[in-house]
2 protein chains.
Amino acid sequence: MSVDERRPTKVKRLPREVRERQILDAAVRVFSEHGYHNASMDEISDVAGVSKPMIYAYLGHKEDLFAACIRREASMLIEAIAAGVEAELPPDMQLWHGLRAFFRFVGAQKESWRVLHRQATSQGGPFSEELLAMRDRAIALVDALLVRSATSRGMDEAATKSTEALAAALVGASESLADWWLDHPEVPDKVVAGWLMNLVWMGFGDLVDGHVWTPATPTAG
Amino acid sequence: MSVDERRPTKVKRLPREVRERQILDAAVRVFSEHGYHNASMDEISDVAGVSKPMIYAYLGHKEDLFAACIRREASMLIEAIAAGVEAELPPDMQLWHGLRAFFRFVGAQKESWRVLHRQATSQGGPFSEELLAMRDRAIALVDALLVRSATSRGMDEAATKSTEALAAALVGASESLADWWLDHPEVPDKVVAGWLMNLVWMGFGDLVDGHVWTPATPTAG
DNA sequence: CCCTGTACCTACTCACGAGTAGGCTACGGG
DNA sequence: CCCGTAGCCTACTCGTGAGTAGGTACAGGG
């Protein structure tokens, strides 16, 4: 090997923790942009500012790295939503706060959202399992909300059986609307959340008659 | 090369049209199962019962092949929906028939649906453009429906601006519910369509009060 | 029976990217 | 000043899969 070549020798040595964080940040960015398969470890190492063997040393193989990204971003999203919801509130307010927290997160962390929604769900491997598990958790959460709301107001049993499906539809509507929102960033997150809240709570039949849902607490703006 | 080897020599010669159809069928199946990147041309040629150069001769490169799949399956879906909707009906009935046709299609062509929803939307290349264009067409269709419904009943202008977003949410809800349905095939397509119709037309607030939407025409059940 | 074209094949090349071997450099302790 | 170790690198191997070269079998016209 060319021993006499004048290398910069300027590599700053950093503790493992920091490097891992840098690598994960870069990976989320690259996976979000190109997708799992089209993303190369070389590009990730470039963006992270380290060499490829560092990634293997710290985060393992490509699958492990992707899984680590999913895990980190997913728990950030779940934490964000959980932080917005208070268990004491009535169902419609819980749903409202959950939707608001969700859209706030998506607006602030577009890349996180892309890697979760676009990439993870479409990869067949062990990722989608992990990711779909989180998605199922969200659906179960909404389902519980709907069931609680329905039974407390005496909805009949037959209709109650459909709440899981409705929860899946609601989660899908949120995801789709989040994607739409990425193309229309001029709309405030609160407005988008309000649209969806009205659609699912009031229904379009009510909306065209001018019956809208508004949060019980007065909101500024 | 072993010239004396006893090959079957039983390859049935078929006209180009038939082979192209076979190849497209196989491609949809393999793409649906493994995704675009994990699907290999070798496996597609295997499933199709032809050799790889045939695919290249008839359908071109991998991207072209995938695009051809998307195009064929997408137009089948659109035709199916268009065939179910009659322009003369009131908006809610149009939506109802559209939803029914959609879920009927998904139920009958699960692989087509998978390749459209899961694979095409998550690939960054020229596919997603084509596919998203079709999706936008669906959203525009629903949007027109909502606008027509809203203006005919005097909805105010401000709310009308949100119909495009609501249409996106509705399309997403349909997609997500279709995915949920793949895991619960015991539910009839009509029932699933009914759930979604009620959610988006009546809203959950109405549903828990027992206000449900039913088609105007009596349906055998 | 030869000639031409079309359907179809086997068996290859080659690029790309995951993963690795092995070495260099900074720093702290003896 | 020497050594051990941990952070970090360059420069490779090698499998995989897209795409191709070039050939074989069958059909029909002369």
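Residues numbered from 1 in each chain as written. Chains lettered and ligands numbered in written order. Predicted model: local features only at pLDDT ≥ 70, side-chain atom pairs only at ≥ 80, totals over all residues. Heavy atoms only, no water.

Attention shifts here to the interface of chain B and chain A. Counting residues at the interface gives 37 residues for chain B, matched by 38 residues for chain A. Taken as a group, B:Leu166, B:Phe204 and B:Val208 account for 18% of the area that chain B buries against chain A, more than any other trio of residues on that side. In this assembly, chain B and chain A are joined by zero salt bridges. The tally of links from chain B across to chain A stands at 10 residue pairs in polar contact (both at pLDDT 80 or more). The biggest single contributor to the side of chain B that touches chain A is helix 9 (residues 163-182) of chain B, with 10 residues. Partitioned by chemical class, the residues of the side of chain B that touches chain A number 19 nonpolar, 12 polar and six charged. (Contact = heavy atoms within 4.5 Å. Buried area = accessible area lost by both parts, 1.4 Å probe. Salt bridge = Lys/Arg side-chain N within 4 Å of Asp/Glu carboxyl O. Polar contact = N/O pair within 3.5 Å; in protein donor to acceptor, adjacent residues only side chain to side chain. Helix = DSSP H or I, 4+ residues; strand = E, 2+ residues; numbered from the N terminus. Nonpolar A, V, L, I, M, F, W, Y, C, P; charged D, E, K, R; others polar.)

Turning our eyes to something else, we now look at the packing of aromatic side chains. Residues and elements named next belong to chain A. Evaluation of the coordinates by the stated rule reveals 14 aromatic pairs over all chains. Taking the centre distance of 5.9 Å and the plane angle of 75° together, the rings of phenylalanine 103 and tryptophan 181 count as edge-to-face. Here tryptophan 181 lies in helix 9 (residues 163-182) and phenylalanine 103 lies in helix 5 (residues 91-108), a separation of 78 residues in the sequence. Across the pair, tryptophan 181 and phenylalanine 103 agree in class, each one buried. Seen from the ring of tyrosine 36, lysine 62 lies directly overhead, with NZ or CZ sitting 4.7 Å from the centre. (Phe/Tyr/Trp six-rings, centres within 6.5 Å; stacked < 30°, edge-to-face > 60°. Buried < 20%, exposed > 50% of the residue type's maximum accessible area, 1.4 Å probe, protein only. Lys NZ or Arg CZ within 6 Å of the ring centre and 35° of its normal.)

Residues and elements named next belong to chain A. At a closest axis distance of 10 Å, the pairing of helix 1 (residues 16-34) and helix 4 (residues 62-84) adopts a crossing angle of 90°. The angle between helix 1 and helix 4 falls in the class roughly perpendicular. Contacts between helix 1 and helix 4 pair Arg21, Ile23, Leu24, Asp25, Ala27, Val28 and Phe31 from the former with Lys62, Leu65, Phe66, Ala68, Cys69, Arg72 and Glu73 from the latter. Classifying every residue of the contact of helix 1 with helix 4 gives nine nonpolar, no polar and five charged. (Axes fitted to C-alpha atoms, helices over the stretch in contact; angles between N-to-C directions. Parallel < 35°, antiparallel > 145°, perpendicular 65-115°, else oblique.)

This part is about the relation of the copies chain B and chain A. Overlaying chain B on chain A yields an RMSD of 0.1 Å, the required transformation being a rotation through 180° with an accompanying axial translation of 0.0 Å. What the superposition gives is, in effect, a two-fold axis relating one chain to the other. By C-alpha distance to the rotation axis, the residue of chain B lying nearest is B:Gly203, at 1.7 Å. Comparing interface residues between copies, 100% of those in chain B also sit at the interface in chain A, which points to an isologous, same-surface contact. (Least-squares fit on C-alpha atoms with pLDDT ≥ 70 in both.)

To continue, consider the pattern of salt bridges. All names here are of chain A. By the definition in use, this model includes 12 salt bridges over all chains. Between glutamate 20 and arginine 16 there is a salt bridge, and its shortest N-O distance comes to 2.9 Å. Placement of the pair is glutamate 20 and arginine 16 together in helix 1, with a separation of four residues, close to one helical turn. For glutamate 20, a relative accessible area of 23% gives the class partly exposed. The salt bridge involving arginine 100 is made with aspartate 189; its shortest N-O contact spans 3.2 Å. Taken together, the residues span a long stretch of sequence, with arginine 100 in helix 5 and aspartate 189 in helix 10 (residues 189-202) at a distance of 89 residues. Judged by its relative accessible area of 16%, arginine 100 falls in the buried class. Several salt bridges converge on common partners, so that one network encompasses Asp25, Arg72 and Glu73.

Per the UniProt entry, the sites bearing "DNA-binding region" (unreviewed entry) are residues 40-59 of chain A in this numbering. Overall, residues 40-59 of chain A shows 80% helix and 0% strand. The separation of its end C-alpha atoms is 15 Å. (UniProt positions renumbered as here; feature names shortened; annotations may be inferred.)

What follows covers the environment of A:Leu14. Note that A:Leu14 resides in the segment before helix 1. Residues contacting A:Leu14, with those up to four places away along its chain left out, are A:Arg19 and A:Gln22.

Moving on: helix 9 of chain A. Its 20 residues give helix 9 of chain A an end-to-end C-alpha distance of 28 Å, which sits within 8% of 28 Å, the value for a rise of 1.5 Å per residue. Here helix 9 of chain A lies mainly inside the structure; 19 of its 20 residues are buried. (Expected span 1.5 Å × (residues − 1).)

Below, the discussion takes up helix 10 of chain A. Between its first and last C-alpha, helix 10 of chain A extends 19 Å over 14 residues, near the 20 Å set by a 1.5 Å rise per residue. A:Gly203 occupies a position one or two residues after helix 10 of chain A and carries a positive phi of about 85°.

Let's shift gears to the side chain of A:Ser176. If you trace the backbone, A:Ser176 turns up in helix 9. In this structure the side chain of A:Ser176 is engaged in a polar contact, spanning 2.7 Å, whose partner is the backbone oxygen of B:Ala168. Among residues more than four places away in sequence, those in contact with A:Ser176 are B:Arg135, B:Ala168, B:Ala169 and B:Gly172.

Now for the nonpolar core. Core analysis: the biggest nonpolar cluster contains 136 residues, and A:Phe31, A:Leu65, A:Phe103, B:Phe31, B:Leu65 and B:Phe103 have the highest contact counts within it. Once residues within four sequence positions are removed from consideration, B:Phe103 is found in contact with B:Ser174, B:Leu177, B:Ala178, B:Trp181, B:Asp189, B:Val192, B:Ala193 and B:Leu196. (Core = buried A, V, L, I, M, F, W, Y, C linked by side-chain atoms within 4.5 Å.)

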